[in-house]
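Chain and residue survey
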Amino acid sequence: MPDLIDAAQINRTIDRALTTPVLPTHTELKELEQALRRHIHALLPVIDAQTTRMNPGSKEWAMRRFTLARARAVLLDGPGAGLRSAAEHVDSLAHVCRALLGQSL
């Protein structure tokens, strides 16, 4: 993984987003959303570049393309108007971020 990707920091953000025992405040969710979006935007070009060097007929290539498409789709979504929808959106971002991080070589 390139030096510009700090996997430990990304994992800390993911863990914070996924292990909160109570519903976070709107401010906390907004901070998590922004951090996860930054991580995803940093990971997308790395994973995309790695994927283009793979065999397009392989299962791994197809799974990476799916992960990239899912990440881009989640980035298009917003947090919604309520606290619950914002928490669900942050959860989706965290799962996508984890999937991208897991795809890195």
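We now turn to the structure provided with this report. (Residues numbered from 1 in each chain as written. Predicted model: local features only at pLDDT ≥ 70, side-chain atom pairs only at ≥ 80, totals over all residues. Heavy atoms only, no water.)

Examining the environment of K59
Applicable threshold: Numbering of helices and strands runs from the N terminus; a helix is a DSSP stretch of H or I covering at least four residues, while a strand is a stretch of E covering at least two. Remark: exposure states derive from per-residue accessible area (1.4 Å probe, protein chains only) relative to the maximum for the residue type, with buried under 20%, exposed over 50%, and partly exposed in between.
On the secondary structure map, K59 appears in helix 3 (residues 59-76). Note on K59: relative accessible area 66%, which makes it exposed. Residues K59 and L83, spaced 24 residues apart in sequence, show a C-alpha to C-alpha distance of 38 Å.

Quick notes on the side chain of T67
Convention followed: Should any heavy atoms of two residues lie within 4.5 Å, those residues are counted as being in contact.
Turning to its location among the elements, T67 is positioned in helix 3. If we ignore the near neighbours within four places in the chain, the residues touching T67 are A99, L100 and Q103.

Re the layout of surface pockets
What counts, and what does not: The definitions used throughout rest on a 1 Å grid laid over the protein atoms alone, on which a cavity is an enclosed set of points accommodating a 1.4 Å probe that cannot get out and a pocket is an open set flanked by protein within 12 Å on both sides along at least five of seven lines; lining residues are those having an atom within 4 Å of a point. Grid points are joined across faces, edges and corners, and a volume is the space filled by probe spheres set on the points. Residues were grouped as follows: Ala, Val, Leu, Ile, Met, Phe, Trp, Tyr, Cys and Pro as nonpolar; Asp, Glu, Lys and Arg as charged; and all remaining residues, including Gly, as polar.
By volume, the largest pocket is sized at about 170 Å³. For the largest pocket, the lining is made up of 14 residues, of which A17, T20, L23, P24 and A87 are closest to its centre. Counting only elements with at least two residues in the lining of the largest pocket, the list comes to helix 1 (7-18) and helix 4 (83-103). Here the lining of the largest pocket gets five residues from one element, more than from any other, and that element is helix 4. When grouped by side-chain class, the residues that make up the lining of the largest pocket number nine nonpolar, two polar and three charged.

Side note on the pattern of salt bridges
Note the threshold: Every case where a carboxyl oxygen of Asp or Glu lies within 4 Å of a side-chain nitrogen of Lys or Arg is listed as a salt bridge.
For the structure on display, the rule yields six salt bridges. For D15, the salt bridge is made with R98, and the minimal N-O distance between the two is 3.5 Å. You can see D15 sitting in helix 1 and its partner R98 sitting in helix 4, a full 83 residues away along the chain. By relative accessible area, which is 36% here, D15 ends up partly exposed. Here the salt bridges do not stand alone but share partners, grouping D48, R65 and R72 into one network.

Notes on the nonpolar core
Taken as a class, soluble globular proteins show a tendency for nonpolar side chains to be buried jointly. We apply this condition: In this text, buried Ala, Val, Leu, Ile, Met, Phe, Trp, Tyr and Cys residues form a nonpolar core when linked through side-chain atoms within 4.5 Å.
Core analysis: the largest hydrophobic core is formed by 25 residues, its most contacted members being I10, L36, I40, L43, L44, C97 and L100. Those elements that place two or more of their residues in this core are helix 1, helix 2 (26-52), helix 3 and helix 4. When residues in this core are grouped by element, the largest group, nine residues, is from helix 4. Contact partners of L44, with chain neighbours within four places excluded, come to L68, A71, R72, L75 and L100.

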